Amino acid sequence: MESLKNLLLSPLHSLIHKDFHDILDRMTLLDKLLFMLVHLVDKLNLWHRLPVFLGLAYLGVRRHLHQEYNLINVGRTPTGVRSNPGDYPYRTANGKYNDPFNEGAGSEFSFFGRNMLPVDQPNELKKPDPMVVATKLLARRKFVDTGKQFNMIAASWIQFMIHDWIDHLEDTQQIELTAPKEVASACPLKSFKFFKSKETPTGFYEIKTGYLNRRTPWWDGSAIYGSNAEVLNKVRTFKDGKLKVSADGLLEQDENGKIISGDVRNTWAGLLALQALFVQEHNAVCDALKKEYPELEDEALYRHARLVTSAVIAKVHTIDWTVELLKTDTLLAGMRADWYGLLGKKFKDTFGHVGGSILGGFVGMKKPENHGVPYSLTEEFVSVYRMHQLLPDKLQLRNVDATPGPNKSLPLTNEIPMEDLIGGKGEENLSRIGFTKQMVSMGHQACGALELWNYPIWMRDLIPQDVDGNDRPDHVDLAALEIYRDRERSVARYNDFRRSMLQIPISKWEDLTDDEEAIKTLREVYGDDVEELDLLVGMSAEKKIKGFAISETAFFIFLIMASRRLEADRFFTSNYNEETYTKRGLEWVNTTESLKDVLDRHYPEVTDKWMNSNSAFSVWDSSPEPHNPIPLYFRVPQQ
């Protein structure tokens, strides 16, 4: 039988890129056929031009292949001992006991997983030199923004999510990078020191060492709740389930003037504003539950409110933020299908979750699905979320006392350098600016584009912080550091990364970009060896799909990991029910569709007076999306 299959499929090898022959041989017959279909579409560069329903089919097939071949466990999986979900009908402080078969999955200090095998680069950590790469290919020359598509709230939001999901444990040993003479005059720091990522033995033969995550990678709101009991105790009032918040609606400060929040490391005013907003959201949920269920005491109110607030955060990210990031009808349909299923919200509201994840969505499935690999976020996920180009050089403050102009636009009052909005200075300035002016100003300002030569210069001389929010003595060049980190953590370089994600690799610089200056500079830094190209540089240089703020290379990691954050979590699947959330809690989640809904709950005048756009994540004085009478699944992308 096997010989017959090989005989039938061997002629097709000539149609497949040679780099995929090995993995094709390891696939099942069905997966071989599915891969060939995906590969043909990729060769024609076609999927994003297909009618929506065909584009969704392509993405569904591709996601299946990634689930089969791009989920790799790091560390041992416990056997023999399982926990009872009924003993923990709530999110624990450190993320444990979400997976009944692996109590440590997704907990504080669990391993980062992998989407592909690590590519060790011990002799190439400085080849080419990270400071040369940062100076010649990343450093901002002139700020390039995203037009009306994506605003500064959107940039702050993804930082809010990162502070929920990922933070590598560091070693005590320091590394120093020194700028080579050819770029030293253009480097804000001539040299800088930083701590190595702490490499930890896995106790497993396949991947012998890995890296530990300080944060809980579940979608559990740990940016406001913390990733352990010690932090959680600091943020709670222990009265009516609520979290601490100041009288002006911002984060409370301790006796030393430090903010009190689930994560206080490397903050800035935009991130602090979102943390404060969702502390208010948690407390509002507590009030609603207390009114509906007066018998509930502090601990029960807190636990239910955390579940509800975390679900609201996940939903806003899924069907609001991501839809603006990937602004196409196909991804609008795809992200709503992740939450509601292809049958849609109206059907799900009426009949409940029907069918599997395709028809009913991941949320509310009968049981979680981890595809045989314990849940974690991955090193490759960390790498594609390096998005510091989103940040501008200055925050443009708006005059909220002025009469709004056309499309609810507002005049500028002044600009604040971003250096004055990070760390302790950021806390002080946010208190002076106030939540409303900060949020409205960010809403009206476009964020930066994820492109070459758009990495903020001020982030090349940055004061990093310890986990407790204290400034470190050594400044860092973050652009150079991010290049180094990918190499240090054995993340594949751009071409190997694409091969591992079943994407056709580039064979020459012209495959990557049409920009002649970019090609010239890439050749200057990397020579003609496209295999040396760093992932961050490749994703920044890559031609983007119309409507996409990120590269297609980054998107395919997102495709698998975004769904995984929902489908592997029992609080979005088997425990997404009235018994766990309460009836009122589920209603709260189900009636919240966007960040605008959250803002309207707490600051109703903000969006009413100053937001003209459909989404709080697109620039607020942009025109709302016009009504499209064509049913979503039957639309054809406009080229």
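First, a word on what this report is: a plain description of the structure on this page. Quantities reported herein were computed from a predicted structural model and do not represent experimental measurements.

## A short note on the overall build of the protein chain
Step number 1: When helices and strands are counted, the protein chain shows 27 helices and seven strands.
Step number 2: Structurally, the protein chain occupies a C-alpha span of about 70 × 60 × 55 Å along its principal axes.
Step number 3: Within the protein chain, the fraction of its 639 residues that count as buried is 59%.
Step number 4: Averaging the locations of the 77 positively and 90 negatively charged side chains of the protein chain gives two centres separated by 2 Å.

## Things to note about the nonpolar core
Step number 1: Among the nonpolar cores identified, the biggest contains 193 residues, and Trp47, Trp157, Phe555 and Leu595 are the most heavily contacted of them.
Step number 2: With near-sequence residues (within four places) excluded, Phe555 lies in contact with Trp47, Leu59, Leu326, Leu331, Phe548 and Ile550.
Step number 3: Counting six residues, the second largest nonpolar core, distinct from the first, contains Ile72, Phe111, Leu169 and Leu212.

## Details of the packing of aromatic side chains
Step number 1: This structure, assessed with the given rule, holds 30 aromatic pairs.
Step number 2: Considering the side-chain rings of Trp339 and Phe572, the 6.2 Å spacing of their centres and the 65° angle between planes classify their relative orientation as edge-to-face. Highlighted residues: Trp339 in helix H12 (residues 329–340) and Phe572 in the loop between helix H23 (552–567) and helix H24 (578–581), separated in sequence by 233 residues. Judged on exposure class, the residue Trp339 and its partner Phe572 are both buried.

## Brief notes about unusual backbone geometry
Step number 1: Here the amide bond leading from Lys127 into Pro128 is cis, since omega sits at -15°, within 30 degrees of zero.
Step number 2: Checked against the element boundaries, Pro128 lands in the loop between strand E1 (110–111) and helix H5 (130–138).
Step number 3: Its identity is not glycine, yet Lys408 carries a phi of approximately 65°, on the positive side.
Step number 4: Note on placement: Lys408 falls in the loop between strand E6 (394–398) and strand E7 (412–417).
Step number 5: By relative accessible area, which is 26% here, Lys408 ends up partly exposed.
Step number 6: One non-glycine residue, Trp453, lies in positive phi territory at about 55°.
Step number 7: Summarising the element assignment, Trp453 is placed in the loop between helix H17 (435–443) and helix H18 (478–488).

## Side note on helix H25 (residues 583–590)
Step number 1: Burial in H25 covers these residues: Gly585, Leu586, Trp588 and Val589. Along H25, the residues classed as buried sweep out an arc of 155° about the axis, all on the same side.
Step number 2: Next to the buried residues of H25 lie helix H10 (269–292), helix H11 (298–325), H12, H24 and helix H26 (595–602).

## Brief notes about H23
Because an α-helix completes one turn every 3.6 residues, residues spaced three or four positions apart along the sequence face the same direction.
Step number 1: Given a rise of 1.5 Å per residue, 16 residues ought to cover 22 Å, and the 23 Å separating the end C-alpha atoms of H23 matches this to within 8%.
Step number 2: Along its length, H23 reaches its greatest deviation from straightness, about 30°, at Phe558.
Step number 3: Of all the 16 residues making up H23, 16 are buried; the element is thus mostly covered by neighbouring parts of the structure.

## Comments concerning a nonpolar patch on the surface
Step number 1: Nonpolar side chains collect at one region of the surface, where Leu342, Leu343, Phe351, Val354, Ile358 and Leu359 lie side by side and expose about 520 Å² of accessible area between them.
Step number 2: Within the secondary structure layout, Val354 lies in the loop between helix H13 (344–351) and helix H14 (357–360).

## A few points about the sheet that holds strand E4 (residues 199–201)
Step number 1: Ordered in space as E1-E5-E4, the three strands form an open sheet in which the pairing is antiparallel. Edge positions in the open sheet fall to E1 and E4, since each of these has one partner strand only.
Step number 2: Summarising the sheet, E1 and strand E5 (residues 209–213) pair through two bridges and their orientation is antiparallel. Paired with Phe111 across the strands is Leu212, a residue of E5.

## Details of the side chain of Asp31
Step number 1: Relative to the assigned elements, Asp31 resides in helix H3 (residues 29–43).
Step number 2: Buried and without a salt bridge, Asp31 has Lys32 as its closest oppositely charged side chain, separated by 9.0 Å.

## Here's the deal with the pattern of salt bridges
Step number 1: One pass over the full model with this rule turns up 50 salt bridges.
Step number 2: In this structure, Glu299 engages Arg303 in a salt bridge whose closest nitrogen and oxygen atoms are separated by 3.1 Å. Taken together, the residues Glu299 and Arg303, both in helix H11 and four residues apart, mark about one turn of the helix.
Step number 3: For Glu299, a relative accessible area of 32% gives the class partly exposed.
Step number 4: When its relative accessible area of 29% is taken as the criterion, Arg303 is described as partly exposed.
Step number 5: Linked by salt bridges that have partners in common, Asp167, Glu170, Arg215, Asp263, Arg265, Asp466, Arg472, Arg485 and Glu488 make up one network.

## Observations regarding the packing of helix H4 (residues 52–69) against H12
Step number 1: The geometry of H4 relative to H12 is characterised by a closest axis approach of 9 Å and an angle of 55° between their N-to-C directions. Comparing their axes, H12 and H4 come out oblique. At the point where H4 passes H12, the crossing takes the right-handed sense. Taking contact as the criterion, the partners of Val52, Gly55, Leu56, Leu59 and Arg63 in H4 are, on H12, Asp329, Thr330, Leu331, Ala333, Gly334 and Asp338.
Step number 2: Its residues placed into classes, the contact of H4 with H12 shows five nonpolar, three polar and three charged.

## Thoughts on the packing of H11 against H25
Step number 1: Where H11 contacts H25, the two axes come as close as 9 Å, and the packing angle between them is 20°. The angle between H11 and H25 falls in the class roughly parallel. For the crossing formed where H11 meets H25, the hand is right-handed. Every residue of H25 that contacts H11 at Val308, Ala311, Val312 and Lys315 is listed here: Gly585, Trp588, Val589 and Asn590.
Step number 2: Among the residues making up the contact of H11 with H25, the classes are represented as five nonpolar, two polar and one charged.

Analysis parameters
- Residues numbered from 1 in each chain as written.
- Predicted model: local features only at pLDDT ≥ 70, side-chain atom pairs only at ≥ 80, totals over all residues.
- Heavy atoms only, no water.
- Helix = DSSP H or I, 4+ residues; strand = E, 2+ residues; numbered from the N terminus.
- Buried < 20%, exposed > 50% of the residue type's maximum accessible area, 1.4 Å probe, protein only.
- Lys, Arg positive; Asp, Glu negative; His and termini not counted.
- Charge placed at Lys NZ, Arg CZ, Asp CG, Glu CD.
- Core = buried A, V, L, I, M, F, W, Y, C linked by side-chain atoms within 4.5 Å.
- Contact = heavy atoms within 4.5 Å.
- Phe/Tyr/Trp six-rings, centres within 6.5 Å; stacked < 30°, edge-to-face > 60°.
- Arc of directions from axis to C-beta.
- Expected span 1.5 Å × (residues − 1).
- Bend = angle between axes of the 7 residues up to and from the residue.
- Patch = residues over 30% accessible without salt bridge, like charges linked within 9 Å, V, L, I, M, F, W, Y side chains within 5 Å.
- Areas by Shrake-Rupley, 256 points an atom, 1.4 Å probe, with all protein chains shown as cover.
- Salt bridge = Lys/Arg side-chain N within 4 Å of Asp/Glu carboxyl O.
- Pairing = 2+ DSSP bridges.
- Axes fitted to C-alpha atoms, helices over the stretch in contact; angles between N-to-C directions.
- Parallel < 35°, antiparallel > 145°, perpendicular 65-115°, else oblique.
- Left-handed = near helix turned anticlockwise from the far one by under 90°.
- Nonpolar A, V, L, I, M, F, W, Y, C, P; charged D, E, K, R; others polar.

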